[in-house]
Amino acid sequence: MLTCLASESSEGMSKVNPTSPTNPMDQMNTGLDRARILIEALPYIQKFNSQTIVIKYGGHAMVDSRLKKDFALDIILMKYVGLNPVVVHGGGPQISKILGEMSIQSNFVNGHRVTDEKTMDVVEMVLAGKINKEIVATINQHGGQAVGLSGKDGRLITARKLKLIPNSEASGDKSDNPPEIIDVGLVGEVVSVNNRIIKSLMDNQFIPVIAPVGVGKENETYNINADLVAGHIASSLQAKKLILLTDVEGVLDRHGNLMSSLTADDAQRMITCGVIKEGMIPKLQCCLDTLKGGVEKVHIIDGRKEHALLLEIFTDEGVGTELVPI
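So, a few notes on the structure that sits alongside this text. (Residues numbered from 1 in each chain as written. Predicted model: local features only at pLDDT ≥ 70, side-chain atom pairs only at ≥ 80, totals over all residues. Heavy atoms only, no water.)

**Considering the sheet that holds strand β2 (residues 84-89)**
So, step 1. Pairing within the open sheet is mixed, and its eight strands lie in the order β5-β8-β2-β1-β11-β13-β14-β12. Each edge of the open sheet is held by one strand with a lone partner, namely β5 (146-150) and β12 (261-263). Strand-to-strand twist of the sheet, defined as the mean angle between neighbouring strand axes without regard to direction, takes the value 20 degrees.
So, step 2. Relative to strand β14 (residues 321-324), β12 runs parallel, the two being bridged by three bridges. Residue pairing for β14: L262 is matched across the bridge by L323.
So, step 3. Packing of helix α7 (residues 196-203) onto the sheet brings it into contact with β1 (52-57), β2, β5 and β8 (207-211), and relative to β8 it is tilted by some 150 degrees.
So, step 4. Here helix α10 (residues 280-292) sits on the sheet in contact with β11 (241-246), β13 (297-302) and β14, set at roughly 150 degrees to β13. (Pairing = 2+ DSSP bridges. Helix = DSSP H or I, 4+ residues; strand = E, 2+ residues; numbered from the N terminus. Axes fitted to C-alpha atoms, helices over the stretch in contact; angles between N-to-C directions. Contact = heavy atoms within 4.5 Å.)

This is the structure:
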């Protein structure tokens, strides 16, 4: 794994296959490059030792077999060098696939899946059952100790019904009429996080893997956006970082260039000015809310890159966009 990390982040690194015959000078250069990668990582290992890092796992990294293994290895390495990773995962494409196979139509409003009771049964089955247990099994297969949870376990995530106001109403209606509220069914928002079960697992050296399903006051089940769940859990744990794995490089400026760092004020201005658009808006808003909740930094990174987590946490340059309060 460290070999893969080195190949991603070292400029001019030798391309020689270490299993093939090489001259001693090439072997020495390759070894030094690996040593430099480890030395570069050392201050970050020291800084984040015993700190909690919440990772929202989603996008292509959840479906590509090589990237799934890379993710598991990254999480295991983080744990073994003294960090406390907590994984919150999504699963929208997998849910859509199963619903399609069952001939259940999916409808979306402002990015939220309209979730009736029949759909909710499938959502819970896929998120808390199939996907969650696959992630746990992959981590455990490669030497980690992961435990799967849903937000219903120990009432980890208490939720209420999301009151969804259409974008047009939220931003453009100047009349005195009350805004229309769209019923999207059993879609929820987080009310509170009972983090005792997470802390108990971390204290006993387990890696929590959490499905974004919440429970209401009347024991009803809610489907909740995984980014929002990850943000609330990070704030509840006062995590050092929240990292969102996505299928984009990070936050781009108006010219399409990656921005390696943003303050909360800069991010808000980019939203207001229309530089940030569409699906990145709720993701950035989640980041801003998480920073307000006391998390030191939030990162949006491209989960399609090999060992993206390690590169973002343990190298000077990183691979995505970090957001900081000031």
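The structure having been displayed, the exposition proceeds.
**Brief notes about the pattern of salt bridges**
So, step 1. In the structure shown here, the tally under the stated rule is 13 salt bridges.
So, step 2. When the shortest N-O distance is used, the salt bridge between E101 and K97 registers 2.7 Å. Remark: K97 and E101 occur in helix α4 (residues 92-101); sequence separation between them is four residues, near one turn of the helix. Taken as a pair, E101 and K97 share a single burial class, namely exposed.
So, step 3. Measuring nitrogen to oxygen at the nearest pair gives 2.8 Å for the salt bridge that ties R304 to D302.
So, step 4. Classification of R304 as partly exposed rests on a relative accessible area of 39%.
So, step 5. On the basis of relative accessible area, D302 is assigned to the buried category, the value being 5%. (Salt bridge = Lys/Arg side-chain N within 4 Å of Asp/Glu carboxyl O. Buried < 20%, exposed > 50% of the residue type's maximum accessible area, 1.4 Å probe, protein only.)

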